[in-house]
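Each chain, letter by letter, is given below.
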Amino acid sequence: MDSWRPLLRFSFLSLSLLLFLSCDEALLTNPLDEENNPDYVDPQTTITITDLDGSTLDTSAVTITFSGNDEVTEYSYSADSSSWSSWATTTSYKMEYLDEGLHTFSVKGRYTSGDEDETPASISFTVDAVTGPALIF
């Protein structure tokens, strides 16, 4: 049994060395390390619903969808200049009971490292849902 120990020790050391030397350098680079990763990309957020920006809606509700680049994991939004929402993994927001007139929606993403999108995506649209004569107070 003792004659196997040197062989096992050699096998373990050989395997450890092989694993260490075969590691791809890209795996050793943290994609969220802004200072030490030359390929670091800032968080970017995009509103994915098409044809909403600048449009006029004839309804008082709309669902806005959004996404971020690969490393974005959470989103925060602001509807009609309200304060920013809590961070969440949700990639859509339904604006309901919208009054007539101009509305805005902004959204930003962030990485797990806490880096936030410094240029939130934003859209504006108008609601004109009242048909026929109407009285606005």
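Now for a look at the structure at hand. (Residues numbered from 1 in each chain as written. Predicted model: local features only at pLDDT ≥ 70, side-chain atom pairs only at ≥ 80, totals over all residues. Heavy atoms only, no water.)

### Quick look at the pairing of strand β6 (residues 101–110)
Thinking step 1. In this structure, strand β4 (residues 74–79) lies alongside β6, joined through six bridges in antiparallel fashion. Paired with S78 across the bridge in β6 is S106.
Thinking step 2. Both β6 and strand β7 (residues 121–127) contribute to a ladder of seven bridges, which runs antiparallel. The partner of L102 across the bridge, within β7, is T126. (Pairing = 2+ DSSP bridges. Helix = DSSP H or I, 4+ residues; strand = E, 2+ residues; numbered from the N terminus.)

### Here's the deal with the sheet that holds strand β5 (residues 92–95)
Thinking step 1. Strand order in this open sheet of three strands is β1-β3-β5, and the pairing throughout is antiparallel. Two strands close off the open sheet at either side, each with one partner strand: β1 (45–47) and β5. Adjacent strand axes in the sheet meet at a mean angle of 25°, parallel and antiparallel pairs treated alike.
Thinking step 2. Examined bridge by bridge, β1 and strand β3 (residues 62–68) share three bridges and lie antiparallel to one another. From the neighbouring strand, I47 faces β3, where its bridge partner is F66. (Axes fitted to C-alpha atoms, helices over the stretch in contact; angles between N-to-C directions.)

### Remarks on the sheet that holds β4
Thinking step 1. Here we have four strands laid out as an open sheet, ordered β2-β7-β6-β4, and mixed in their pairing. Only two strands of the sheet have a single partner each, and these edge strands are β2 (56–57) and β4.
Thinking step 2. Of the pairings in the sheet, the one linking β2 to β7 comprises two bridges and is parallel in character. Note that in β7 the partner of L57 across the bridge is V127.

### As for the packing of aromatic side chains
Thinking step 1. Going through the model one piece at a time under the given rule, you end up with six aromatic pairs.
Thinking step 2. Ring geometry for Y77 against F105: centres 5.9 Å apart, planes inclined by 20°, an arrangement best described as stacked. Of the two residues, Y77 is situated in strand β4 and F105 in strand β6; the sequence distance between them amounts to 28 residues.
Thinking step 3. A relative accessible area of 0% places F105 in the buried class.
Thinking step 4. Residues Y93 and F105 carry aromatic rings whose centres are separated by 5.9 Å and whose planes lie at 15° to one another, so their mutual orientation is stacked. Placement of Y93 in strand β5 and of F105 in strand β6 is noted, with a sequence separation of 12 residues between them.
Thinking step 5. Residue classification places Y93 among the partly exposed positions, given a relative accessible area of 25%. (Phe/Tyr/Trp six-rings, centres within 6.5 Å; stacked < 30°, edge-to-face > 60°. Buried < 20%, exposed > 50% of the residue type's maximum accessible area, 1.4 Å probe, protein only.)

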